[in-house]
Each structure stands twice: as structure tokens, then as C-alpha cells.
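Structure at a glance
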Amino acid sequence: MSGSCWRMASCTRDRLISVFFPLALLALWEMAVRLQWLDGRFFPAPTAVAAALWELTVKGELLGKLWLLPGLVAAGDFSGARKVFAEGHLWVSLFRIFSGFFVGAVPGIILGVVMGMNRTIRVALDPVVSAVYVLPKIAILPLVMLVFGIGEVSKIVIVAIASFFLVLINTTVGVRDIEPIFIEAGRNYGANRRQMFRHIIIPAALPIIFSGLRLSLGTSLIVIIAAEFVAANYGLGYLIWFSWQTLLTENMFAGLVVIMILGALFTSGLQALERRLMPWQREEMPASADGADVGGTGKV
Amino acid sequence: MTVKIEAKDLTKVYPSRNGPICALRDFSLRVEEGEFVCIVGPSGCGKSTFLRILGGLITPSSGRVELFPRDEKAPLQNIVFQEYAIFPWKTVLDNVAFGLEMRGVPRTKRRETARDWIRKVGLAKFADAYPHQLSGGMKQRVSIARAFANDPEILLMDEPLGALDAQTRVILQGELVRLWEASRKTVVYITHSIEESVLLGDRIVLMTAHPGTYKTEFSVPFARPRSFELTGAPEFARLSYAIWQELEVEVKRTMEKQL
Ligand SMILES: Nc1ncnc2c1ncn2[C@@H]1O[C@H](COP(=O)(O)OP(=O)(O)OP(=O)(O)O)[C@@H](O)[C@H]1O
Ligand SMILES: [Mg+2]
């Protein structure tokens, strides 16, 4: 991981490498297409992808016709304004991801804490949870659509289900594995039930709960794209699928780029939140094996 | 003298995979108000088990234990755990203020008290640090300060200096003597170190090898206030040696069993 460099010189060096190497790869790709080593119909050049991304944006496909917004809001036409967003692939996917994530993660945390605390409930629910957990969530999409129809609800539900189980399992483990000594210390100092949760159980389990949230946000992205492949008229998954069907490979790659950016933003957003919520975990120097090329003994 | 702690015929049997383990057998102890009692015994003889029973964290399999509060509203007892048990997610200040916070002491008041104790254990600069930034000795001081700050009538200390290097240990022993002599709380103090028990205690109770029970006891005649200087006195060495002669068989028995 970068970000763990302590000396200025190697820090700058790391950063330069991490910027220039990918750029060099892109340049190589561009060149390969121009020289026709690569078939541009399957692997459009980076510049072509960038152009496609620009096209999608200015035509209002990716973000909706944002330029209509001021007029609509001024006219008080809020349902019209909503429709602008509902026609932008990015917003549609984001909305599905976040509402599903929220609907799944919150009860996942609550039930996870209950299962972590209560042995009886844990033993009772564990087989069910494990059974459903191993099922690839996308496999139950048809069932979800059968129950909730092919509209927006079924997409949110499928994301919620995926998030729910990941968060549930992590939270259960996080709570169950709290060092008993912390619980004992809490009891010895007279913590009541509510204080026990707030001061001991939640903070002690938080790192594991967060790794559940991180996993489930990543999975949400996967699940929603897959769901949009088969059953949607908007969304990034639809964009990619439709571009494939119509052989607009540039647009397909543009969709992939947007998803990559989303994934990166999710990760760094959660990391920032983690640092804020768990300041006691900061400043930990990661044990790293690199640096051996700087001051190592040369033994291999 | 008023009795503060009365433990009678305590036995604790833990269930385990290889059948039940008797951790403590028919152990009785009476502690007077304001007395500093040290418990010394070989590893695994049930000292922590006894302390956990006193602290109400586990119930004895048989026997009974009673603590006599003077003030119903004040905290009765707090444990300084062998494993520190300070919270990694709280700053030093919040750790030390923990007991007060649980009792609903207002924020400014409890922080003031906590800062006071942090200063007394020499961690003033680290009030806002998190435990992972502290050394083992510093963590143990936080744990001691947390108990003192809560101001319980009884302090139950389980090898509070056990994990420390010899030098830090001497320093902290001195600090403990000073803190205790200023407050004169009732203390049950578990230690492996005979010297430590003679330096700190009014009375030293020896336990037998596992399953532990009462073996014998020594009263410590040295005047207070005490300091590390006492350890150089011939009477100190004589008493320490007398205790070791009693303890030696138990330690050897423990070691034989482990072979
Ligand atoms: N929760 C438990 N379950 C089963 N056995 C236990 C448990 N706790 C302690 N024991 C056993 O009971 C015995 C006494 O343990 P205890 O921790 O009270 O010893 P101790 O005197 O404090 O030892 P040490 O000086 O090493 O801290 C040991 O043999 C230990 O293995
Ligand atoms: Mg112990």
C-alpha cells in the first residue's frame, strides 16, 4: 500500500512512480491501437474512451440533462427535476446502491449485535444465515423479481439482501470475539446495559463491523451492475450491456471507467469515515516488507 | 477494627473439556477495613479466581463472600486487572474517567478528577494519547489510575506490576505505597514477588499449589510510611526469606506437576 512512506524522498518517488507507470501503460495502449497492434473495435484507445465519456456526459446520458435543472427548479417543477436524475445512469445506480446498502446494513448491524451477544439466538440463526450467505446473491434475482416485480424495488431489495448478510456475519463475529476482559472491566465499573453498548461493545466491534461494511459496499456494486444487465432501462450496468448489444465499445469502456472511479471513491470514502470514527486506530505503522531495497541486509 | 471483606470456604470449580478443574478450594479470608493484604502463591493456584469472586465477576461453586460497604452510594470495589484491561478505543483521560462516567459524574468534574490522577501516576503528557501509544508500564499506570480515580472503598489488584521490567517496577511500587498511604483504602493485592508483598502489605497470605487453598500468613511489622529503602534492611531480608521457605514447596509442587 502507498501512503505508508515516512521519508520525504521515498515518498515523492513512490508518488511519481504510482502516477507515471499507469500513464505509461495508457500511452502504450493508445500507441498499440494507433499502430493497429490492437483491434480498436474491441479495445478502443484511451482517447476514444475519454471522448465517449465526454459525449455521454454532455448528451445527458450519464448524469442526466443537468442543464435543465435550474429552469425546472425555478418553475417549481420538482418532479421534472427528479426525472432529470432518474435519467442519468450514474445517479440511478448510485441511488439503488445506497438505498439498498442502507436498508440492508442497518438491520444487519442490529441483528449482528444481538446474535453476537446472545448465544441462543446465534445458535438458532447461524445455520440459516450460513446457508443463505453462501448463495451467490445474484442467483436469487429472479426470485426477488418474482416477488417485488421488475421495478426499482427489486433492485434495492437484492442489494439490501447482499449487504445484510455480509454486515450481519461480520458484526456477529466482531461482537462475539470481543475480549471478555473488556466486558468484565465494564461490569466492574458499574456500566449498565446502555453504557455497555455505547462504551464497550460497539467500539470494540467497530473495526470488524467496518470491514463488513466495506465488503458489502463492494458487493453492492457488483450486484447492482449484474442486476442492471438483465433487468433495467437505466443504470451503469444497463449502459454497459446496451453498449455491448449495439457494439458501442467506447461507451462500454466508458461505463467501466465510471465503475472503477466509483469503486475507488467508495473505498477512500469509507477509509476516511473509519479514520474519523476510530481515531484510536490511526498512526499504526503497518509492518511492511518493502523498504528492504533501501536499508535491507540484502539477504533473500 | 471493622471487618471489610469476609470470605468463607470458597471453592470454585470450572468446567472444562478434560473434566472439571478445581481452581480454588475451601479458601477463607477476612480483611479489616483499611488493611493492605497481599496474596502470594504459585502460578495457577487460583489467585485471580479468588479476586474475580471478590469483584463479583464470577460466583463461587460453594462458600460465601461478603463485602461490607460503609457508604451505599460510593463504589464498593474496583479491580486492577492482571491484563490491564484498559480500553484501546478510549484516550488515557477517558479511560481514567471511565468509572466516574459510568456513575454519571458530570463531564467537567470527572475530567478534573481524572487529570488529577493521571498527573499523580506521572502520565500528564499522555492524557490525550491512545493506549497503543503507551508502553506496558504506562498502560498499567492508566489501569491503576482508573481504579483510584473511581475512589472505591476496596481495591482489588491482580499483579498490577507483574508485566513490568524490574526498574519500572521499583518506581511503581514506590508510587503505590505513596498513593495507598495517602488514602488507606482496603486492598487485596496479588503478587508473585515476595519482596513486593513485604514492601507493600500489612499482612501476607500464602496459598498452596493448585488447587489453591490457605496455607499460612505473615504479618508485616514495618512502620509506615515505607519506601524502597526498606528493602535494604536486614529484617526485610529475614522476613522475605522466611516467606520464601514456606512458599518454596508449593512452587516446586507446581513445577513438578507441569513436567
Ligand atoms: N475460565 C476458566 N475455565 C477453566 N479453567 C480456568 C478458568 N480460569 C482459570 N482456570 C484454571 O483455574 C486455575 C487457577 O487459575 P487462576 O487464573 O485463578 O490462577 P492464578 O493464581 O491467578 O495464576 P497466575 O499467577 O498465573 O495468574 C488454573 O489452573 C487455570 O487453568
Ligand atoms: Mg492470575
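To keep things clear, this report deals only with the structure shown in the data block. (Residues numbered from 1 in each chain as written. Chains lettered and ligands numbered in written order. Predicted model: local features only at pLDDT ≥ 70, side-chain atom pairs only at ≥ 80, totals over all residues. Heavy atoms only, no water.)

A count of helical and extended segments in chain A gives 13 helices and zero strands. Ordered by position from the N terminus, the helices and strands of chain A form the series α-α-α-α-α-α-α-α-α-α-α-α-α. If one aligns the C-alpha atoms of chain A with their principal axes, the spans along those axes are about 70 × 65 × 45 Å. In chain A, which comprises 300 residues, the proportion classed as buried is 39%. Considering only residue pairs separated by 6 or more positions, chain A has 67% of its internal contacts joining residues 24 or more positions apart. Summing over all exposed atoms, chain A offers an accessible surface of approximately 17,700 Å²; the carbon and sulfur share of this is 69%. Placing the 24 positive and 19 negative side-chain charges of chain A at their respective mean positions leaves the two points 6 Å apart. (Helix = DSSP H or I, 4+ residues; strand = E, 2+ residues; numbered from the N terminus. Buried < 20%, exposed > 50% of the residue type's maximum accessible area, 1.4 Å probe, protein only. Contact = heavy atoms within 4.5 Å. Areas by Shrake-Rupley, 256 points an atom, 1.4 Å probe, with all protein chains shown as cover. Lys, Arg positive; Asp, Glu negative; His and termini not counted. Charge placed at Lys NZ, Arg CZ, Asp CG, Glu CD.)

Once that is clear, we can look at the sheet that holds strand β5 (residues 77-80) of chain B. All names here are of chain B. One open sheet holds the six strands; their spatial order is β5-β6-β7-β3-β8-β9, and the pairing between them is mixed. Edge positions in the sheet fall to β5 and β9 (214-219), since each of these pairs with one other strand and no more. Within this sheet the neighbouring strands show an average axis-to-axis angle of 15 degrees, counted without direction. Direction of pairing for strand β3 (residues 36-40) relative to strand β8 (residues 203-207): parallel, over a ladder of four bridges. Residue pairing in the sheet places Cys 38 in a bridge with Ile 204 of β8. Relative to β5, helix α5 (residues 136-150) is tilted by about 175 degrees, and along the sheet it contacts β5 and β6 (154-158). Along the sheet, helix α8 (residues 234-258) contacts β3, β8 and β9; its crossing angle with β9, the most-contacted strand, is approximately 175 degrees. (Pairing = 2+ DSSP bridges. Axes fitted to C-alpha atoms, helices over the stretch in contact; angles between N-to-C directions.)

The next thing to look at is the side chain of Lys47(B). Residues and elements named next belong to chain B. Looking at where Lys 47 falls in the secondary structure, it is placed in helix α1 (residues 47-54). Buried charge without a partner: Lys 47 forms no salt bridge, and the closest opposite charge is Glu 159, 4.5 Å away. Apart from residues no more than four positions distant in its own chain, Lys 47 is found in contact with Ile 39, Val 40, Gly 41, Pro 42, Glu 159, Ile 190, His 192 and Met 207. (Salt bridge = Lys/Arg side-chain N within 4 Å of Asp/Glu carboxyl O.)

The tally for this structure, following the rule as stated, stands at 17 aromatic pairs over all chains. The interplanar angle of 35 degrees and the centroid separation of 4.9 Å between the aromatic rings of Phe229(A) and Trp241(A) together place this pair among those described as tilted. Taken together, the residues Phe229(A) in helix α10 (residues 193-230) and Trp241(A) in helix α11 (residues 236-245) connect sequence positions twelve residues apart. Phe229(A) sits in the partly exposed class, given a relative accessible area of 28%. Joined through ring pairs, the aromatic side chains of Phe182(A), Tyr189(A), Phe87(B), Trp89(B) and Phe98(B) make up one cluster. The ring centre of Trp117(B) lies 4.1 Å from the NZ or CZ of Lys120(B), which sits over that ring. (Phe/Tyr/Trp six-rings, centres within 6.5 Å; stacked < 30°, edge-to-face > 60°. Lys NZ or Arg CZ within 6 Å of the ring centre and 35° of its normal.)

Listed as buried for helix α9 (residues 180-188) of chain A are Ile181(A), Phe182(A), Glu184(A), Ala185(A), Gly186(A) and Asn188(A). On the buried face of α9(A), the contacting elements are α10 of chain A together with α1, β5, α3 (98-102) and α5 of chain B. Positive phi shows up at Gly190(A), right after α9(A), with a value of about 80 degrees.

In this section: the environment of Glu246(B). Residue and element names in this part refer to chain B. Relative to the assigned elements, Glu 246 resides in helix α8. Each C-alpha atom of the pair Glu 246 and Lys 215 lies 8.7 Å from the other, and the pair is 31 residues apart in sequence. With residues near it in sequence (within four places) discarded, Glu 246 still touches Leu 206, Lys 215, Thr 216 and Phe 218.

Moving on, we come to the site of ligand 1. Residues and elements named next belong to chain B. With respect to spatial proximity, 14 residues lie near ligand 1, and among them Ser 43, Gly 44, Lys 47, Ser 48 and Thr 49 are the closest. Within the side chain of Lys 47, one N or O atom sits 2.7 Å away from an oxygen atom of ligand 1. One of the side-chain nitrogen or oxygen atoms of Thr 49 is found 2.5 Å away from an oxygen atom of ligand 1. About the coverage of ligand 1: the protein hides 66% of its 630 Å² of free accessible area. Counting residues per element, the ones that place at least two in the shell around ligand 1 are β2 (21-32) and α1. Here the shell around ligand 1 takes three residues from α1, the largest share from any one element. Of the residues that constitute the shell around ligand 1, the class distribution is four nonpolar, eight polar and two charged. (Near = heavy atom within 4 Å. Polar contact = N/O pair within 3.5 Å; in protein donor to acceptor, adjacent residues only side chain to side chain. Nonpolar A, V, L, I, M, F, W, Y, C, P; charged D, E, K, R; others polar.)

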